[in-house]
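For reference, the chains in residue letters:
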Amino acid sequence: MKCKICKDKAEIYLRSYNLALCREDFIHFFERKVKRSIEQWKMFTRKEKILVAVSGGKDSLGLLHLLGKLGYDVTGYYINLGIDGYSDVSQNKVKEFSRSSGIMILIEDVRVSWGTGIGDLAKKVRRPPCSLCGMVKRYLMNRAAVEFDAMATGHNQDDETATLLGNLLRWDKGYLARQSPVLKEKRGLKKRVKPLSFITERESAAYALMEGIDYIMEECPLAKGATSLFYKGILNQLEEKMPGTKSRFLKGFLEYQRNHPLIEEEEELVACKRCGSLTTSEVCNFCRLEDKIKS
Ligand code: AMP
Ligand code: FES
Ligand code: ZN
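I will try to describe carefully the structure that is included in this document. The structure displayed is predicted, hence computed values, not measured ones.

1. Regarding the coordination of the zinc ion (ligand 3)
Coordination of the zinc ion (ligand 3) by the protein involves Cys 272 (SG), Cys 275 (SG), Cys 284 (SG) and Cys 287 (SG), with metal-donor separations of 2.2 to 2.4 Å. Considering all four donor atoms around the zinc ion (ligand 3), angles at the metal cover 104 to 119° and the coordination shape is tetrahedral. Positions of the donor residues of the zinc ion (ligand 3), expressed as sequence spacing, correspond to C-x2-C-x8-C-x2-C. Taken together, the positions of Cys 272 in the loop between strand S9 (270-271) and strand S10 (278-279) and Cys 284 in the loop between S10 and helix H12 (285-294) put the pair 12 residues apart, joining distant regions of the chain. We classify Cys 272 as buried; its relative accessible area is 4%.

2. Here's the deal with a nonpolar patch on the surface
Side chains of Phe 230, Ile 234, Leu 238 and Met 242 sit close together on the surface and give an oily, nonpolar patch of about 360 Å² of accessible area. Looking at the element boundaries, Phe 230 is found in helix H10 (residues 227-241). Judged by its relative accessible area of 55%, Phe 230 falls in the exposed class.

3. Observations regarding the nonpolar core
Counting residues in each nonpolar core, the largest one holds 42 residues, and the members touching the most others are Phe 26 and Val 52. It is helix H1 (residues 23-40) that provides the largest number of residues to this core, a total of six residues. Discounting chain neighbours no more than four positions away, the residues touching Phe 26 are Ile 12, Leu 14, Leu 21, Glu 203, Ala 206, Tyr 207 and Met 210. Leu 51, Val 110, Met 141 and Cys 272 belong to the second largest nonpolar core, which has 33 residues in total.

4. Considerations on the sheet that holds strand S4 (residues 73-80)
Pairing is mixed in the open sheet, where six strands are placed in the order S5-S4-S3-S6-S8-S7. Across the chains shown, the open sheet's two edge strands, defined by having one partner strand only, are strand S5 (105-109) and strand S7 (182-183). Sheet topology places strand S3 (residues 49-53) next to strand S6 (residues 150-152); three bridges connect them, and they run parallel. Each residue of the ladder has a partner; that of Ile 50, found in S6, is Ala 150.

5. A closer look at the environment of Lys 194
For Lys 194, the position within the fold is in the loop between strand S8 (191-193) and helix H9 (201-210). When its relative accessible area of 17% is taken as the criterion, Lys 194 is described as buried. Sequence-wise, Lys 194 and Ser 37 are 157 residues apart; in three dimensions their C-alpha atoms are separated by 9.2 Å. With sequence-adjacent residues up to four places away left out, Lys 194 is seen in contact with Met 43, Thr 153, His 155, Glu 160, Ser 180 and Pro 181. Only 2.9 Å separates the side chain of Lys 194 from the side chain of Glu 160, close enough to count as a polar contact.

6. Considerations on the pattern of salt bridges
Scanning all chains against the criterion turns up 19 salt bridges. Across the pair Lys 232 and Glu 201 runs a salt bridge whose closest N-O atoms are separated by 3.6 Å. Of this pair, Lys 232 sits in helix H10 while Glu 201 is found in helix H9, placing the two residues 31 residues apart along the sequence. On the basis of relative accessible area, Glu 201 is assigned to the partly exposed category, the value being 23%.

7. So, H10
Relative to the 21 Å expected for 15 residues at 1.5 Å per residue, H10 spans 22 Å between its end C-alpha atoms, a close match to the ideal helical length. Those residues of H10 that sit buried are Tyr 231, Lys 232, Leu 235 and Glu 239. Axial view of H10: buried residues confined to an arc of 100°, hence all on one face. Projecting away from the buried face of H10 at angles above 90 degrees are the exposed residues Phe 230, Gln 237, Glu 240 and Lys 241. Against helix H7 (157-169), H9 and helix H11 (245-259) lie the buried residues of H10.

What counts as what
All chains use their own residue numbering, which begins from 1 and follows the written sequence. For this description, chains carry letters from A and ligands carry numbers from 1, given in the order in which they are written. Restriction of local features to residues with pLDDT of at least 70 applies here, the model being predicted, together with a cutoff of 80 or more for giving and counting side-chain atom pairs; totals for whole chains, interfaces and linings are based on all residues. Excluding hydrogens and water, the side-chain figures rest on all heavy atoms present in the structure. Sites may look incomplete because water is not among the atoms; the donors themselves are N, O and S atoms within 2.8 Å of the metal, or within 3.2 Å for Na, K and Ca. For a four-donor site, all angles between 85 and 135 degrees give tetrahedral; for four or six donors, opposite pairs above 155 degrees with the remaining angles between 65 and 115 give square planar or octahedral; all remaining cases count as irregular. Helix and strand definitions here come from DSSP, where helices need a minimum of 4 consecutive H or I residues and strands a minimum of 2 consecutive E residues; each element is numbered from the N-terminal end. Accessible area is worked out with a 1.4 Å probe on protein chains only. A residue is then buried under 20% of its type maximum, exposed over 50%, and partly exposed in between. Patch membership needs two things, relative accessible area over 30% and no salt bridge, and members are linked within 9 Å if like-charged or within 5 Å if nonpolar (Val, Leu, Ile, Met, Phe, Trp, Tyr). To be clear on the numbers: accessible area is Shrake-Rupley with a 1.4 Å probe, and residue cover counts the displayed protein chains and nothing else. Any carboxyl oxygen of Asp or Glu that lies within 4 Å of a side-chain nitrogen of Lys or Arg is treated as forming a salt bridge with it. Here, nonpolar core refers to any group of buried Ala, Val, Leu, Ile, Met, Phe, Trp, Tyr and Cys residues whose side-chain atoms link them within 4.5 Å. Throughout, a residue-residue contact means that at least one pair of heavy atoms, one from each residue, lies within 4.5 Å. For two strands to pair, DSSP has to find at least two bridges joining them. Polar contact is the term for a pair of N or O atoms within 3.5 Å; when the atoms are in protein, one must be able to donate a hydrogen and the other to accept it, and sequence-neighboring residues count only if both atoms are side-chain atoms. To estimate how far a helix should reach, multiply one less than its number of residues by 1.5 Å. Directions pointing from the helix axis toward each C-beta atom define the arc.

What follows is the structure in structure tokens.
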């Protein structure tokens, strides 16, 4: 197969676009697509300082690489969650990326303050590891983002459609109202952006590979059996039968949401007695967890 643009040998075929591209033209296509999302959704400008949360995976490292390449003011942020056989490997990928790219990455390790990793902790407090991990990551990311204008994550279109499906199946109006490639700065939280919202998992993996980014390929061992993976599987089956389904599903929702915004019911927030972050109870979930660890 030949590249549609330069007629060289194609390296990738994108079925939903009916488009074959060589390495160079795919990279160009990919970067233009992300740049367009950033501009169309008014995510950020070159004057703003962006903190990019990186997990060591293809999406977030690819995003950090791309934003650096496009000349944005970026810093990485990595949280080591102390997951056996996984966190240290991903931290090494992150460190190596920082060394070779020259982009600074801040690193935080939960074991330093808690003496144990998230898996152990989840057993102790009897909570599913993924939900505890999500809460901890959100808290630490928001805290780290204080010094920046925006926080970017590597969520891709597959992540976003799986989340959308889950939110719709539960008719979770609060989450649906907040599902967007960009969330403005609000109530003590910095602006949050997802520049890869319209990039498929496959495109993201191809980009990282073609740009020579060394990333962790394994999934988190604690995420085995997670509902989000099940939703992704179902959406992949739909996509197989009807190419373009995922993109239409997400874009259709965002378009509808833009014209008929779901109004988020705003709970009353108070400052957490321990850390000052805004929360619905006297002491925030994160500080309550720390209290439990100490006792
Ligand atoms: P996940 O929830 O694992 O699908 O990750 C979604 C996004 O959250 C990633 O693309 C990263 O931007 C960010 N992220 C996930 N894990 C970490 C981590 N350990 N440290 C910093 N950011 C992370
Ligand atoms: Fe959080 Fe796996 S990365 S549970
Ligand atoms: Zn708190």
